[in-house]
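Next come the chains, spelled out residue by residue.
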Amino acid sequence: MHRLSWLITLPLIALAVCFAVGNREPVIVNLWPLGYEVALPIYMLALVPLAIGLVLGGLVIWFGGLRHKLQARKLAREVGKLRDQVGDLQTKLESRAAATDPGHAPPLLSRWRQALPWT
């Protein structure tokens, strides 16, 4: 996904640079209600609003995903706690199995423990 983003972004940047180089003539912008006039290059009139829209769109996307990131972080903490509890319960189960038959651990328990991905 990251490479696809660069494949789209780099040609757009190249087009923006070509547009800026080709349109350097000043244009007078009348800010009507304020009574000001500003002379800006044409490329500034096109690229500045585009950049502002890009930044605002990125902020909207970031804030939209923030809820999911926080939820994922909370669930990751819960998974860590549950893994700790499973480890504690395994230890208790093995100690009880060893207490009932000190020289022999049940084969089912050892096979089950090998199948767990987090041990």
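Residues numbered from 1 in each chain as written. Predicted model: local features only at pLDDT ≥ 70, side-chain atom pairs only at ≥ 80, totals over all residues. Heavy atoms only, no water.

### Observations regarding the overall build of the protein chain
In step 1: When helices and strands are counted, the protein chain shows 3 helices and 2 strands.
In step 2: In the protein chain, the share of contacts with a sequence separation of at least 24, taken over all contacts with a separation of at least 6, comes to 20%.
In step 3: Total accessible area on the protein chain is roughly 10400 Å²; 69% of this is exposed by carbon and sulfur atoms. (Helix = DSSP H or I, 4+ residues; strand = E, 2+ residues; numbered from the N terminus. Contact = heavy atoms within 4.5 Å. Areas by Shrake-Rupley, 256 points an atom, 1.4 Å probe, with all protein chains shown as cover.)

### Considerations on the pairing of strand β2 (residues 36–41)
In step 1: In terms of residue burial, β2 counts as a barely covered element, since only 0 of its 6 residues are buried.
In step 2: Bridging between strand β1 (residues 26–31) and β2 involves 6 bridges; their strand directions are antiparallel. Across the sheet, I28 pairs through a bridge with A39, a residue of β2.
In step 3: The antiparallel hairpin formed by β1 and β2 contains 4 residues in its connecting segment, where G35 sits at a positive phi of about 80 degrees. (Buried < 20%, exposed > 50% of the residue type's maximum accessible area, 1.4 Å probe, protein only. Pairing = 2+ DSSP bridges.)

### Details of the packing of helix α1 (residues 2–22) against helix α2 (residues 42–100)
In step 1: The interhelical angle for the contact between α1 and α2, taken along N-to-C directions, is 155 degrees, at an axis separation of 8 Å. As the angle between them shows, α1 and α2 are arranged roughly antiparallel. Crossing geometry of α1 relative to α2 is assigned as left-handed. Residues A16, F19 and A20 of α1 touch α2, and the partners they reach there are Y43, A46 and L47.
In step 2: For the contact of α1 with α2, the residue count by class is 6 nonpolar, no polar and no charged. (Axes fitted to C-alpha atoms, helices over the stretch in contact; angles between N-to-C directions. Parallel < 35°, antiparallel > 145°, perpendicular 65-115°, else oblique. Left-handed = near helix turned anticlockwise from the far one by under 90°. Nonpolar A, V, L, I, M, F, W, Y, C, P; charged D, E, K, R; others polar.)

### Section: the packing of aromatic side chains
In step 1: Applying the stated criterion across every chain yields a total of 1 aromatic pair.
In step 2: Consider the rings of W62 and F63, whose centres lie 4.9 Å apart with planes at 70 degrees: the pair is edge-to-face. (Phe/Tyr/Trp six-rings, centres within 6.5 Å; stacked < 30°, edge-to-face > 60°.)

### Remarks on a nonpolar patch on the surface
In step 1: Side chains of M44, V48, I52, V55, L56, L59, W62 and F63 sit close together on the surface and give an oily, nonpolar patch of about 750 Å² of accessible area.
In step 2: Along the chain, the position of W62 falls in helix α2. (Patch = residues over 30% accessible without salt bridge, like charges linked within 9 Å, V, L, I, M, F, W, Y side chains within 5 Å. Salt bridge = Lys/Arg side-chain N within 4 Å of Asp/Glu carboxyl O.)

### Some thoughts on a positive patch on the surface
In step 1: A grouping of K69, R73, K74, R77 and K81 is seen on the molecular surface, where their side chains present a positively charged patch.
In step 2: With respect to the element layout, K74 can be found in helix α2. (Lys, Arg positive; Asp, Glu negative; His and termini not counted. Charge placed at Lys NZ, Arg CZ, Asp CG, Glu CD.)

### As for the environment of E37
In step 1: The residue E37 is located in strand β2 in this model.
In step 2: Exposure remark for E37: the relative accessible area of 58% places this residue in the exposed category.
In step 3: Those residues within four positions of E37 in sequence are excluded, and the remaining contacts are I28, V29 and N30.

### Examining the confidence of the model for the protein chain
In step 1: Model confidence for the protein chain is summarised by a mean pLDDT of 85, while 84% of its residues fall at 70 or above.
In step 2: Of all the helices and strands in the protein chain, helix α3 (residues 107–115) carries the lowest mean pLDDT, 58, while β2 carries the highest, 92. (pLDDT = per-residue confidence, 0-100.)

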